[in-house]
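# Topology and contacts: notes
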Amino acid sequence: MQFRTIQIVAGLTAAVAFVLAFMAAGAALVSGLFMLTGLAAVGWLAYSLIKGVMRRDPKAEPPARA
């Protein structure tokens, strides 16, 4: 069986499309990991701020301004 030029071009185009799809999937995975890391950092920051506010004495006077 002899391949025609259009079949070779179509095969190479499909190979390039698969490589680009795998690269995009990898970029999406890395981006998702960074998103989860940032979300965890924001969650920890909010938790620590809320914990600090809840622990504060409600009858304490605010610090005097100079």
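Whatever comes next refers back to the structure up there.
In this report, the structure presented in the accompanying data block is examined. (Residues numbered from 1 in each chain as written. Predicted model: local features only at pLDDT ≥ 70, side-chain atom pairs only at ≥ 80, totals over all residues. Heavy atoms only, no water.)

## What about the overall build of the chain?
What the chain contains, in helices and strands, is 1 helix and 0 strands. Taken over the C-alpha trace, the chain has a radius of gyration of 28 Å; the compact-globule value for 66 residues is 11 Å, which it surpasses by more than 25%. Referenced to the eigenvectors of the C-alpha coordinate spread, the extents of the chain come out at roughly 90 × 25 × 10 Å. Looking at the chain as a whole, 0% of its 66 residues qualify as buried. About 6600 Å² of surface is accessible on the chain, with carbon and sulfur atoms providing 74% of the total. (Helix = DSSP H or I, 4+ residues; strand = E, 2+ residues; numbered from the N terminus. Rg over C-alpha atoms; globule rule 2.2 N^0.38 Å. Buried < 20%, exposed > 50% of the residue type's maximum accessible area, 1.4 Å probe, protein only. Areas by Shrake-Rupley, 256 points an atom, 1.4 Å probe, with all protein chains shown as cover.)

## A closer look at the environment of Ala24
By secondary structure assignment, the location of Ala24 is in helix H1 (residues 5-55). Each C-alpha atom, one on Ala24 and one on Gly52, is 42 Å from the other, the two residues being 28 residues apart in sequence.

Distances and angles like these do not, on their own, reveal function.
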